[in-house]
Amino acid sequence: MPTPNSDYLLSNCLYFTAARFARHMEKIAAEVFSSMDIPPSYAYLILTINDYPGISQKELCKKLSIAPSTSTRLIDKLIKKNYVERKPDGKHILIYLTEEGKSLCNEIYEKLNEIYLRHSEILDKNHSQQLIQLLHKASEQMEQK
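Residues numbered from 1 in each chain as written. Predicted model: local features only at pLDDT ≥ 70, side-chain atom pairs only at ≥ 80, totals over all residues. Heavy atoms only, no water.

Draft legend 1. Representation of the pattern of salt bridges within the structure. In the structure shown here, the tally under the stated rule is six salt bridges. Of the charged contacts in the structure, one is a salt bridge between Asp37 and Lys81, with a shortest N-O distance of 3.2 Å. Residue Asp37 is found in the loop between helix 2 (14-33) and helix 3 (40-51), and its partner Lys81 is found in the loop between helix 5 (68-80) and strand 2 (84-89); the two are separated by 44 residues along the sequence. Judged by its relative accessible area of 46%, Asp37 falls in the partly exposed class. Looking at Lys81, the relative accessible area reads 31%, which means it is partly exposed. (Salt bridge = Lys/Arg side-chain N within 4 Å of Asp/Glu carboxyl O. Helix = DSSP H or I, 4+ residues; strand = E, 2+ residues; numbered from the N terminus. Buried < 20%, exposed > 50% of the residue type's maximum accessible area, 1.4 Å probe, protein only.)

Structure (structure tokens):
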């Protein structure tokens with residue numbers, strides 16, 4: 001079997017294509033969030049804590065599909081900014097937003113909507129929705145393995 005050339009690989013490799021797409025999305029998100037005091041990656045953590053006050057770190061990791069070490073780093077940075085706090089509850093440590101953290105949520109939703117509008121405009125709204133659904137389903141399938 002002949003070895004495929006790089007042009008073929010660059011357009012038919014899921015690993016390369018997904019990483020390339022992620023870089024484009026990261027650029028858009030960074031531009032949109034540039035006026036905020038937090039990077040885009042923190043937005044989902046803040047919103048999840050807002051939706052689940054008193055969430056455990058383990059549950060937060062599960063919801064966001066991140067490693068405990070990653071969540072510790074993100075939470076520690078948000079604590080330093082006074083957006084998040086840890087509170088002991090018996091043997092457990094629970095995570096809450098501070099009032100300052102809660103005050104960010106509306107702006108975060110606006111920024112995430114702006115990201116959605118930007119990629120929907122570039123990709124066409126229907127194509128964008130299909131891609132979101134396909135990637136979500138594929139991610140869930142890969143997490144089951």
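Having seen it, we continue.
Draft legend 2. Region of the structure containing the pairing of strand 3 (residues 92-97). Across two bridges, strand 1 (residues 55-56) lies against strand 3 in antiparallel orientation. Residue pairing in the sheet places Ile55 in a bridge with Ile95 of strand 3. Relative to strand 3, strand 2 is paired through six bridges, and the arrangement is antiparallel. By the bridge assignment, Asp89 is partnered in strand 3 with His92. (Pairing = 2+ DSSP bridges.)

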